[in-house]
Amino acid sequence: MRNYRYLAADEQTIVQIRLHWVVIARLVLGTAAILVGVLALSIYSRAHGTGAGFLLTLLWWVALAAVVRLLWRLLDWHRTNLLITSSRMIKVSGIISLRVQSIPLSKITDISYTLDPNGRVLGYGKFAMETEGDHASELEKIDHVPRPDRFYLLLCNSIFGGSPEPAAGD
């Protein structure tokens, strides 16, 4: 992704991430289950000679719709990026309508993240940030951030300075 389009003249990109793959895992498994089910029904119908031609055609159209939905969501996931720059956190998302959201790092006063059991096993976390002022931003809560320990250290270093560097293996 060409992130330079969203940067001010003196901004530098520190890190750019995509949300964890678990965001789309349930949809991938659901689509696979639909395809396997329709394929099994088609094989069964052909082997036993049942006259369910219209029903099978309808089921294949449903399977096609599920695949198109999966491809759309995969493209949306692929195009959603989170950037930490030298002065802002930016989230860019959307396929047809592009949406760019940002929070100045200077407005973030507190950062916390949680790891549920699945997140601990699969390597993602949920971030919550408090900002100055009474406004509420969608960027104040970010789910499914991959490698949350590394992201936390990079974000802390960008905001507060002086945090330790992430380990080389992270």
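Up top is the structure these notes are about.
Small disclaimer: the values here were computed from a predicted structure and weren't measured.

Draft legend 1. Region of the structure containing the nonpolar core. Core analysis: the largest hydrophobic core is formed by 20 residues, its most contacted members being Met 89, Ile 108, Ile 111, Ile 142, Phe 151 and Leu 155. Secondary-structure elements contributing two or more residues to this core are β1 (13-18), β2 (81-85), β5 (108-114), β6 (124-131), β7 (141-146) and α4 (148-159). Leaving out residues up to four positions away in the same chain, Ile 111 has contacts with Phe 127, Ala 128, Met 129, Tyr 152, Leu 155, Cys 156, Ile 159 and Phe 160.

Draft legend 2. Structural view of the environment of Thr 85. With respect to the element layout, Thr 85 can be found in strand β2. Sequence-wise, Thr 85 and Pro 104 are 19 residues apart; in three dimensions their C-alpha atoms are separated by 9.4 Å. When sequence neighbours within four positions are dropped, the list of residues in contact with Thr 85 reads Leu 7, Glu 11, Gln 12, Thr 13, Ile 14, Ile 90 and Leu 105. Of note is the side chain of Thr 85, whose polar atom sits 2.6 Å from the side chain of Glu 11.

Draft legend 3. Just the environment of Gly 53, in detail. Relative to the helices and strands, Gly 53 is located in helix α2 (residues 53-79). Taking the C-alpha atoms as reference, Gly 53 lies 16 Å from Leu 64; in sequence the two are 11 residues apart.

Draft legend 4. View of the packing of aromatic side chains. Summed over the entire model, instances satisfying the criterion amount to 3 aromatic pairs. A centroid spacing of 5.2 Å and a plane angle of 50° characterise the contact between Tyr 113 and Tyr 152, whose relative ring orientation is tilted. Of the two residues, Tyr 113 is situated in strand β5 and Tyr 152 in helix α4; the sequence distance between them amounts to 39 residues. By way of ring pairs, the aromatic residues Tyr 113, Phe 127, Phe 151 and Tyr 152 are connected into one cluster. Lying over the aromatic face of Trp 77, Arg 18 brings its terminal NZ or CZ to 5.6 Å of the ring centre.

Draft legend 5. Quick peek at the sheet that holds strand β3 (residues 88-93). The antiparallel open sheet is built from 4 strands, whose spatial order is β1-β2-β3-β4. The open sheet is flanked by β1 and β4 (99-104), the only strands paired with a single partner. Direction aside, neighbouring strands of the sheet carry axes that sit 15° apart on average. Here 6 bridges tie β3 to β4, and the two strands are oriented antiparallel to one another. The residue bridging Ile 90 from the neighbouring strand is Ser 102, located in β4.

Scoring rules and cut-offs
Residues numbered from 1 in each chain as written. Predicted model: local features only at pLDDT ≥ 70, side-chain atom pairs only at ≥ 80, totals over all residues. Heavy atoms only, no water. Core = buried A, V, L, I, M, F, W, Y, C linked by side-chain atoms within 4.5 Å. Buried < 20%, exposed > 50% of the residue type's maximum accessible area, 1.4 Å probe, protein only. Helix = DSSP H or I, 4+ residues; strand = E, 2+ residues; numbered from the N terminus. Contact = heavy atoms within 4.5 Å. Polar contact = N/O pair within 3.5 Å; in protein donor to acceptor, adjacent residues only side chain to side chain. Phe/Tyr/Trp six-rings, centres within 6.5 Å; stacked < 30°, edge-to-face > 60°. Lys NZ or Arg CZ within 6 Å of the ring centre and 35° of its normal. Pairing = 2+ DSSP bridges. Axes fitted to C-alpha atoms, helices over the stretch in contact; angles between N-to-C directions.

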